Amino acid sequence: MKRKKTKQYRLSFPHMGNYHITFKTFFKALDLEIVIPPPISKQTIELGSRYSPESVCVPFKYNLGNYIQALDRGANLLLQAGGGCRYGYYGEAQKHILENLGYDFEFFKLRNKRNPINIIGDIHKINPKIPFYRVLKAFLLAYFKGRCIEKAEDFLRKNIGFEKKKGQLEKQFKFFLSKLDQAETFTQARQLTKKYLRIFENIPILKPKNLLRVGVVGEFYVVLEPFSNYNIEKFLASKGVEVHRFITLTGLLNHSIFNGIIPNHEVNQYLRHAKPFLKYHIGGHGTDSVGKANELAKKGFDGAIHIKPFGCIPEVNAMPALQNISKKYNFPIIYLSFDAQTSDTGMQTRLEAFYDMLTMKKNATKK
């Protein structure tokens, strides 16, 4: 993409969990003004759904809603990253929809299945006047901040449901995110993370001996964006469940790096964990969902929650294999699909029934 000398870019990107902190860190290196869309809300999905084809998945709709909100805030350069499924083709459709709505902007689409170094090189073209080493350093810092966020979130998922005094962990986590956003060096980010992990560990936690452990698997976006999955992790925590989740942004980047060195490394890793329930890769994160559920069942977890956008083909393909895992290990799995019309009340009712079933199964096993 050639940058116009007379144009001052104001870049924006969709929300996905707390990763806007890492994206912001990266793109600041390009000397661009960053426009962060408002946190995802009902208005976001309403905007996205209003102008989206009915059959597209909710990640498309949430992203489109975020783009509209960002453009209304003055953004004129939008970033979109393709996925390993049909979402990889959505960028052109989103660009066409936004242009028809009358917005004046440029669209920068990251090409899929490429080495991160090449992606950094592409992004560097937005402002080639900036030395490449600065962009590379910013990418590494953003990656490191992503790892810091993931460590803190992992601690919260496993412990927030067992606080002696409710609300302390979440309060400290918000402080942590605010300060990490301002960190400008690796040292600052590392020290902040160590400091707040110690704070988290010093908050009184009371876990029962026979606690419920549940894993969350499924499609990348709805797993990582809490609003899109109706805050499943927070709901489970409120019931006193230890929540485990494995999909992360930095994990995806790690796979991409190794995939660039060893062809099909990512797919082979997924299939190794999914044996004998899958023989071939089924696309997207479907193979990984099967592999992770297989591991959870073998490790004695109490159940798993499989979440996906409505109509997500790779995750639909994963469901027969997941059902076979459930039968073989007597391992409860609940399947949840999300769209713009999904009822939060209905979702909560299903989760409560799943929790009650896990509790009864646990008590019966103890006897």
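Please refer to the structure higher up on the page.
Residues numbered from 1 in each chain as written. Predicted model: local features only at pLDDT ≥ 70, side-chain atom pairs only at ≥ 80, totals over all residues. Heavy atoms only, no water.

Engineer: Looking at this model, I keep getting lost on the sheet that holds strand E6 (residues 241-245). Mind explaining?
Structural biologist: Paired through backbone hydrogen bonds, the strands of a sheet run either parallel or antiparallel to each other. The strand order across the open sheet built from four strands is E6-E5-E7-E8, with neighbouring strands paired in parallel fashion. The open sheet has two edge strands, E6 and strand E8 (333-338), and neither has a second partner. Taking each pair of neighbouring strands and ignoring which way they run, the sheet shows an average axis angle of 25 degrees. Each of strand E5 (212-218) and strand E7 (303-309) touches helix H13 (residues 286-298); the most contacted strand, E5, lies at about 165 degrees to it. Running over the sheet, helix H14 (residues 313-329) touches E5, E7 and E8 and is turned about 170 degrees from E7. (Pairing = 2+ DSSP bridges. Helix = DSSP H or I, 4+ residues; strand = E, 2+ residues; numbered from the N terminus. Axes fitted to C-alpha atoms, helices over the stretch in contact; angles between N-to-C directions. Contact = heavy atoms within 4.5 Å.)

Engineer: What should I look at first to understand the pairing of E5 in this one?
Structural biologist: Along any regular strand the residues' side chains alternate between the sheet's two faces. E5 sits mainly inside the fold: six of its seven residues count as buried. Looking at chain direction, E5 and E6 are connected through five bridges and run parallel. Within E6, the residue paired with Leu212 across the bridge is Val241. Pairing of E5 with E7 involves five bridges; the strand directions are parallel. By the bridge assignment, Val217 is partnered in E7 with His306. (Buried < 20%, exposed > 50% of the residue type's maximum accessible area, 1.4 Å probe, protein only.)

Engineer: Would you take a moment to explain empty space enclosed by the protein for this structure?
Structural biologist: Throughout the structure, instances matching the rule amount to one cavity of 30 Å³ or more. Computed from the structure, the largest cavity encloses a volume of approximately 30 Å³. Around the largest cavity, the lining residues are Val216, Val217, Gly218, Phe246, Ile247, Asp288, Ser289 and Lys292. At the level of elements, E5 and H13 are the ones that each hand at least two residues to the lining of the largest cavity. Its residues assigned to classes, the lining of the largest cavity shows four nonpolar, two polar and two charged. (1 Å grid on protein atoms, 1.4 Å probe; cavity = no way out; pocket = protein on both sides within 12 Å on 5 of 7 lines; lining within 4 Å. Points joined across faces, edges and corners; volume = space filled by probe spheres on them. Nonpolar A, V, L, I, M, F, W, Y, C, P; charged D, E, K, R; others polar.)

Engineer: Quick question: what am I supposed to make of the packing of aromatic side chains here?
Structural biologist: The relative placement of two aromatic rings is captured by the distance of their centres and the angle of their planes. Enumeration according to the criterion identifies 15 aromatic pairs in this entry. Through pairs of rings, three or more aromatic residues link up here, namely Phe13, Phe23, Phe26, Phe27 and Phe139. (Phe/Tyr/Trp six-rings, centres within 6.5 Å; stacked < 30°, edge-to-face > 60°.)

Engineer: How should the packing of helix H2 (residues 42-51) against helix H3 (residues 58-72) be read in this particular structure?
Structural biologist: The relative placement of two packed helices is expressed as an angle between their axes plus a distance between the axes. Running from amino to carboxyl end, H2 crosses H3 at an angle of 105 degrees, the nearest separation of the two axes being 7 Å. Here H2 lies roughly perpendicular to H3, going by the angle between them. Note on element contacts: H3 touches H2 through Lys61, Tyr62, Leu64, Gly65, Asn66, Ile68 and Gln69, opposite Gln43, Thr44, Ile45, Leu47, Gly48, Ser49 and Tyr51. Of the residues assigned to the contact of H2 with H3, the class counts are six nonpolar, seven polar and one charged. (Parallel < 35°, antiparallel > 145°, perpendicular 65-115°, else oblique.)

Engineer: Before we go on, may I ask you to explain the sheet that holds strand E4 (residues 106-110) in this structure?
Structural biologist: Judged by pairing direction, the sheet is parallel, and its four strands sit side by side in the order E2-E1-E3-E4 without closing on themselves. Either end of the sheet is taken by a strand with one partner, and the two such strands are strand E2 (33-34) and E4. Across five bridges, the pairing between strand E3 (residues 77-81) and E4 is parallel. Within E4, the residue paired with Leu77 across the bridge is Glu106.

Engineer: Is there a simple way to explain the environment of Lys158 in this structure?
Structural biologist: Note that Lys158 resides in helix H6 (residues 132-159). Lys158 sits in the partly exposed class, given a relative accessible area of 24%. In this structure the C-alpha to C-alpha distance between Lys158 and Glu266, which are 108 residues apart in sequence, comes to 27 Å. Those residues in contact with Lys158 that lie beyond four places of it in its chain are Lys207, Glu242, Val243 and His244. Side-chain polar atoms of Lys158 contact the side chain of Asp154, separated by 3.1 Å. (Polar contact = N/O pair within 3.5 Å; in protein donor to acceptor, adjacent residues only side chain to side chain.)

Engineer: Help me out: how do you make sense of the side chain of Asn63 in this one?
Structural biologist: Topologically, Asn63 is positioned in helix H3. Among all residues touching Asn63, those that are not within four sequence positions of it are Pro14, Tyr87, Gln94 and Tyr221.

Engineer: Can you walk me through the packing of H13 against H14 in this structure?
Structural biologist: One way to put it is that H13 packs onto H14 with a least axis distance of 8 Å and a crossing angle of 15 degrees. Classified by the angle their axes make, H13 and H14 are roughly parallel. For H13 against H14, the interelement crossing comes out right-handed. Residues Gly286, Ser289, Val290, Ala293, Asn294, Ala297 and Lys298 of H13 touch H14, and the partners they reach there are Pro314, Glu315, Ala318, Ala321, Leu322, Ile325 and Tyr329. Looking at the contact of H13 with H14 residue by residue, the class counts come to nine nonpolar, three polar and two charged. (Left-handed = near helix turned anticlockwise from the far one by under 90°.)

Engineer: Would you take a moment to explain the environment of Glu219 for this structure?
Structural biologist: Following the sequence through the fold, Glu219 ends up in the loop between E5 and helix H9 (220-224). Residues Glu219 and Ile45, 174 residues apart in the sequence, show an inter-C-alpha distance of 18 Å. When residues no more than four places from it in sequence are discounted, the contact partners of Glu219 are Pro59, Ile307, Lys308, Pro309, Cys312 and Glu315. Side-chain polar atoms of Glu219 contact the backbone nitrogen of Tyr221, separated by 3.0 Å.

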